[in-house]
Amino acid sequence: MTTWHIHMPISALLRKSDKRLMETLTHPGGAAGARAELRQMLDAGRTNLVAGPCDNQNPDGSCAGHPDQER
């Protein structure tokens with residue numbers, strides 16, 4: 001079985017109002033800092049923001065999946 005981290009399209013995040021954006025994610029620079037970082041990600045070719053730490057991402061920024069370890 002494989003598990004995946006959820007992800008959100010960066011374009012959808014950028015369309016949110018500042019209030020809704022900050023309800024969705026946190027950033028030390030507030031909404032302006034978050035928007036600047038999201039735009040940098042788009043400029044680098046990433047179209048998705050994965051939720052949480054993920055060490056296996058597709059080039060678009062989405063999670064590529066994590067095989068469950070057998071016990």
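Now for a quick tour of the structure. Model, not experiment: these values are computed from the prediction.

What follows deals with the overall build of the chain. Across its full length, the chain holds 3 helices and 4 strands. When its C-alpha atoms are laid out on the principal axes, the chain stretches across 45 × 25 × 20 Å. Looking at the chain as a whole, 25% of its 71 residues qualify as buried. Sequence separation of 24 or more characterises 48% of the internal contacts of the chain that already satisfy a separation of 6 or more. A total accessible area of about 5000 Å² is found for the chain, and carbon and sulfur atoms account for 53% of it. Once the 8 positive and 8 negative side-chain charges of the chain are each reduced to a mean point, those two points are 10 Å apart.

For the structure shown, the criterion picks out 3 salt bridges. For Arg 35, the salt bridge identified is with Asp 18, shortest N-O distance 2.9 Å. Taken together, the positions of Arg 35 in helix H3 (residues 30–43) and Asp 18 in helix H2 (residues 18–24) put the pair 17 residues apart, joining distant regions of the chain. Judged by relative accessible area, Arg 35 falls into the buried class, the value being 11%. Taking relative accessible area as the criterion, Asp 18 reaches 45% and is therefore assigned partly exposed.

Scoring rules and cut-offs
- Residues numbered from 1 in each chain as written.
- Predicted model: local features only at pLDDT ≥ 70, side-chain atom pairs only at ≥ 80, totals over all residues.
- Heavy atoms only, no water.
- Helix = DSSP H or I, 4+ residues; strand = E, 2+ residues; numbered from the N terminus.
- Buried < 20%, exposed > 50% of the residue type's maximum accessible area, 1.4 Å probe, protein only.
- Contact = heavy atoms within 4.5 Å.
- Areas by Shrake-Rupley, 256 points an atom, 1.4 Å probe, with all protein chains shown as cover.
- Lys, Arg positive; Asp, Glu negative; His and termini not counted.
- Charge placed at Lys NZ, Arg CZ, Asp CG, Glu CD.
- Salt bridge = Lys/Arg side-chain N within 4 Å of Asp/Glu carboxyl O.

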